[in-house]
Amino acid sequence: MLQRWQQWNRKAKLLVWIIAIIGVIAALPLGMNRMDMEASSKSVEYIFDYRDLVDISEYQARPAQFIDEQLDKMKDVGITTMSLYESSLKELSASGRLKYYNSKDVALLQSKLEPVGQNFTYILFSGTQEEEQIGPIVRQALDRAGAVYRPWSFDGRNGLVVEMPLQEVLLQPMDFDPMTLKALHDKGFHILARFSDRALPYDEASVDAQLARLKEVGVTRVLFDGGQVKGYKDQFELRSLNSFAELLNKYGMGIATIENLKKPQLGINKLAFITNYNIVRLYSLSADDAIAKSPEVLTDRFLLAAKDRNIRMFFLNASVQTSQEKSAVVSGLDNLYLTMKGKDGAVQRLTDAGFAPNLAQPFDVKHPSYAKPLKMVVAAGAVALIALLINVFIPSTLIPVFLIGLIGGAGLFQLNGALAEQALALGAAISAPTLALVWVMNRVYSRTDGSRRTVGGSDWNGRASAPGEGKWVFEGLTVGRRFGLAITWFIVTALISLMAVPFVFGLLNNITYSMVLQQFRGVSMLHLAPIGLTAIYVLLYTGNTPVRRLRKVANMPITVLMVVALVVIAVVGMYYLSRTGNEGSASSLELTFRNWLEQTFGVRPRSKEFMLSHPLLLLGLFLALRYRAAWVLIIVGSIGQLSMVDTFAHIHTPLYISIIRVFLGLGLGAIIGIILIGVWLVLEGVWRKWSPGLIKKIAE
């Protein structure tokens, strides 16, 4: 009975592989749909923070004139949009709309004694126009706060006296400055409105009127200030988030999401869903970087963001710093202008790359009727791939594991579709490279050049011999035959590893991943699991049975060399993990080299693939056909197989960029690997020629 069951599992193996391949094919139309979506939005928008401009103007002799001059310069260098926040008393004062005082300041202003027992706020508008246009939004804010106020005038200017401490009045949020909105609109700038979700209760009628006024000056997109979106705070009581989203739809406005926030803004996912993903990713350049980074670095950063991360909005900040060398106050504006303008500037280089300056547009998301049934086929293929991996380590379990996987996957889709997609995508991403590495290890330790021969006591269909066990059968192969086998195994290993890629982009074919509203979790596991599983396979599943191998490993004496090796492996592993995912860091030298690759090839391949992993894998395969110890190079080279799959796990990167990056890395890595093989053969020949005489001299 057991023998029959094993026969059924062996026959089922071919069928399960076919199901996995069908899953790969089914994912291809989903990948084409994603590529069409990614090509639907190419215009980029350059935005400057108007608040920063006002702050910088306070260090100038003539602030209003300075602001007007800088706005003209910004238009000339390609900045098309100004970001404007909801106002406050402090911002209105900085903009020159009004001045505010406390009771003590007013007493000094009037050359009187400070009134006893009074701590009021005094507001003076700068002129008649300011009183007419700014006065209503100030009174509206005071009414919401329940403040008592009355008219007040001084030195021919009208204002208000508010029976509330100045510190409290300064905290009251106010509507957008209508004068600034009109001035920027008349200058030809688009407006990016920045909303906050302050402590005040959500008022649908007020927000409706606010958005209507913004629509009149051409606002098409909003950005949120703080840790949550407008309406999130009162969602439970007032369904304010739904209300705000519906109002955005009413006025044809979308939203922007900021890249690389430590924590996503609360409510952004729900708001994006209700607005039908009218959303654009935004990169925020810090004020410090605007001063410290060179124009070349900033330009390369912008280009990479647009090409590799689907960024369509660039939010520019600036600040002032005191310079002892120049004996002056300097800002980041001049450096930004150098970055933006000219034939080598950011605007021109992005335009040449296909990203012309204009209003940023959301991706055109389509939901074809074939997407859902194809995704289910892809899911079945992922289950098949995972079952094949489990069968490697627990033989004769392929049929039950596959059936249980199908049932469990279907149930998980019903409970949590996103979790099911990510779990299957991660499982497939781990399984394919591991199966590829197991396959190539079996070729190295159990296969010959085609004859049915014995290797370490196991024939062609038997278990592989472990490193260091049995007779090595490849010693008689010619260099040409070894090179041909190494190239063939290198290509097949890469193809098996790349089987994971369609499962990743097929299962995670959703705009939420492209916009990083959801992230594909498990990158660290993807980078470690295949290496660990392959090591377990080599140690326990080659040669004797796993139990005997495990007993042999357990009885091995622990030496100092082994401890040192473990420490080295741990340090290398920690460094390896630090370079994975979005949080990895790179040296300045490596950044310079990356920029050169970007300019040379248009798409930057991963340096750890084509400079390290792929060459070492090819060299290791070539050497393993003669030297047993070369299996260590294969293990190190396996990092490249994982890195290829990981490239596609960064779903915010356009799919065609990832495809080019991976195959460019494979091609360059193969070339470098062939060069390494040539160098090895030369060194080997030199050693053979000169070593006998050298050894003889040493002996004498």
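Residues numbered from 1 in each chain as written. Predicted model: local features only at pLDDT ≥ 70, side-chain atom pairs only at ≥ 80, totals over all residues. Heavy atoms only, no water.

Quick look at the overall build of the chain now. Each helix and strand in the chain was counted, giving 31 helices and 13 strands. Put simply, the chain has 700 residues, and 48% of those count as buried. At a minimum sequence separation of 6, the contacts of the chain that also span at least 24 residues come to 78%. For the chain, the accessible area works out to roughly 33,800 Å², and carbon and sulfur atoms hold 61% of it. (Helix = DSSP H or I, 4+ residues; strand = E, 2+ residues; numbered from the N terminus. Buried < 20%, exposed > 50% of the residue type's maximum accessible area, 1.4 Å probe, protein only. Contact = heavy atoms within 4.5 Å. Areas by Shrake-Rupley, 256 points an atom, 1.4 Å probe, with all protein chains shown as cover.)

Attention now moves to the pattern of salt bridges. In this structure the tally under the stated criterion is 18 salt bridges. A salt bridge links D175 to R213, with the shortest nitrogen-to-oxygen separation between them at 2.1 Å. Taken together, the positions of D175 in the loop between α8 (166-170) and α9 (178-186) and R213 in helix α10 (residues 204-216) put the pair 38 residues apart, joining distant regions of the chain. Relative accessible area serves as the criterion here: at 6%, D175 is assigned to the buried category. Residue E259 is joined to R309 by a salt bridge in which the shortest nitrogen-to-oxygen separation is 2.4 Å. Taken as a pair, E259 in the loop between β9 (254-258) and α13 (268-274) and R309 in the loop between α15 (295-308) and β11 (311-316) lie far apart in primary sequence, 50 residues in all. Given a relative accessible area of 8%, E259 falls into the buried group. Counted as one network, the salt bridges with shared partners bring together D68, D72 and K187. (Salt bridge = Lys/Arg side-chain N within 4 Å of Asp/Glu carboxyl O.)

Now for the sheet that holds strand β6 (residues 157-162). Strand order across the open sheet formed by 4 strands is β3-β4-β6-β5, with antiparallel pairing between neighbours. Whereas interior strands pair on both sides, the edge strands pair on one side only; in this sheet they are β3 (98-102) and β5 (149-154). Shown here is a sheet whose adjacent strand axes are inclined to one another by a mean of 25°, direction ignored. Relative to strand β4 (residues 121-125), β3 is paired through 5 bridges, and the arrangement is antiparallel. In the strand pairing of β4, L98 is matched with F125. (Pairing = 2+ DSSP bridges. Axes fitted to C-alpha atoms, helices over the stretch in contact; angles between N-to-C directions.)

Before going further, it helps to examine helix α30 (residues 639-649). In terms of residue burial, α30 counts as a mostly covered element, since 11 of its 11 residues are buried. Looking at α30, one finds that the buried residues are I639, G640, Q641, L642, S643, M644, V645, D646, T647, F648 and A649.

Its identity is not glycine, yet D155 carries a phi of approximately 55°, on the positive side. Inspection of the secondary structure assignment puts D155 in the loop between β5 and β6. Although it is not a glycine, Y277 sits at a positive phi angle of roughly 55°. Tracing the sequence through the fold places Y277 in the loop between α13 and β10 (279-285). The class of Y277 is buried, set by a relative accessible area of 16%.

Now for the nonpolar core. Membership of the largest hydrophobic core comes to 82 residues, with the highest contact counts inside it found for L385, F520, L621 and I634. Broken down by element, the residue count for this core peaks at 15 residues, all from helix α20 (residues 417-446). The next biggest cluster of nonpolar side chains, apart from the first, holds 69 residues, and it includes Y50, L214, M253 and F302. (Core = buried A, V, L, I, M, F, W, Y, C linked by side-chain atoms within 4.5 Å.)

This brings us to the pairing of β6. Where β4 lies against β6, 4 bridges are found, and the strand directions are antiparallel. Along β6, the bridge assignment pairs Y122 with V161. As paired elements, β5 and β6 share 6 bridges and run antiparallel to each other. Residue pairing for β6: P151 is matched across the bridge by L160. Hairpin geometry of β5 and β6 is characterised by an intervening segment of 2 residues between the two adjacent antiparallel strands and by a positive phi of about 55° at D155.

This part covers the packing of α15 against helix α16 (residues 333-340). One can describe the packing of α15 onto α16 by two numbers: an axis separation of 9 Å at closest approach and a directional angle of 60°. One finds that α15 runs oblique with respect to α16. For the element pair α15 and α16, the recorded crossing hand is right-handed. Judged by residue contacts, P295, L298, T299 and F302 of α15 engage N335, L338, T339 and M340 from α16. Of the residues in the contact of α15 with α16, the class split is 5 nonpolar, 3 polar and no charged. (Parallel < 35°, antiparallel > 145°, perpendicular 65-115°, else oblique. Left-handed = near helix turned anticlockwise from the far one by under 90°. Nonpolar A, V, L, I, M, F, W, Y, C, P; charged D, E, K, R; others polar.)

Topologically, N391 is positioned in helix α18 (residues 371-393). Beyond its immediate stretch of four places on either side in the chain, N391 contacts N9, S396, T397 and L398.

We now examine the sheet that holds strand β1 (residues 45-49). Read around the closed barrel, the 7 strands follow the order β1-β2-β7-β8-β9-β10-β11; overall the barrel is parallel. With strand direction ignored, the average angle separating the axes of adjacent strands in the sheet is 35°. By the bridge criterion, 2 bridges tie strand β8 (residues 221-224) to β9 in an arrangement that is parallel. Bridge pairing in β9 links V222 to I255.

This part covers the pairing of β9. Buried residues dominate β9, accounting for 5 of its 5 residues. Burial of the side chains of β9 extends over both faces: G254, A256 and I258 are buried on one face and I255 and T257 on the other. Bridging between β9 and β10 involves 4 bridges; their strand directions are parallel. What sits directly across from T257, in β10, is R281.

All right, on to the packing of helix α21 (residues 479-498) against helix α22 (residues 500-507) then. Contact geometry of α21 with α22 gives a least axis separation of 4 Å together with a crossing angle of 20°. The orientation of α21 with respect to α22, classified from their angle, is roughly parallel. On the side of α21, the interface is formed by I496, S497 and L498, while α22 contributes A500, V501 and P502. For the contact of α21 with α22, a count of residues per class yields 5 nonpolar, 1 polar and no charged.

Taken together, the side chains of L14, L15, I18, I22 and V377 define a hydrophobic patch exposed on the protein surface, amounting to about 450 Å² of accessible area. Broken down by element, the residue count for the nonpolar patch peaks at 4 residues, all from helix α1 (residues 2-38). Following the sequence through the fold, L14 ends up in helix α1. Relative accessible area serves as the criterion here: at 60%, L14 is assigned to the exposed category. (Patch = residues over 30% accessible without salt bridge, like charges linked within 9 Å, V, L, I, M, F, W, Y side chains within 5 Å.)

So, on to helix α12 (residues 240-250). Residue pairs three or four apart in sequence face the same way in an α-helix, which turns once every 3.6 residues. Most of α12 sits out of view: 8 of its 11 residues are buried. Along α12, the residues that are buried comprise S240, L241, N242, S243, F244, A245, L247 and L248. On its buried side, α12 packs onto β7 (190-195), α10, β8, α11 (235-238), β9 and α13. Of the residues trailing α12, G252 is marked for its positive phi of about 65°.

Following the criterion strictly, the structure yields 11 aromatic pairs and no others. Plain terms: the ring middles of Y283 and F314 are 6.3 Å apart, the flat faces sit at 70° to each other, and that makes the pair edge-to-face. One end of the pair, Y283, is in strand β10; the other, F314, is in strand β11, with 31 residues separating them in the sequence. The exposure classification of Y283 matches that of F314, with both residues buried. An aromatic cluster of three or more residues is present, and its members are Y46, Y283, F302 and F314. Directly above the aromatic system of F622 lies the positively charged group of R482, at a separation of 4.2 Å from the ring centroid. (Phe/Tyr/Trp six-rings, centres within 6.5 Å; stacked < 30°, edge-to-face > 60°. Lys NZ or Arg CZ within 6 Å of the ring centre and 35° of its normal.)

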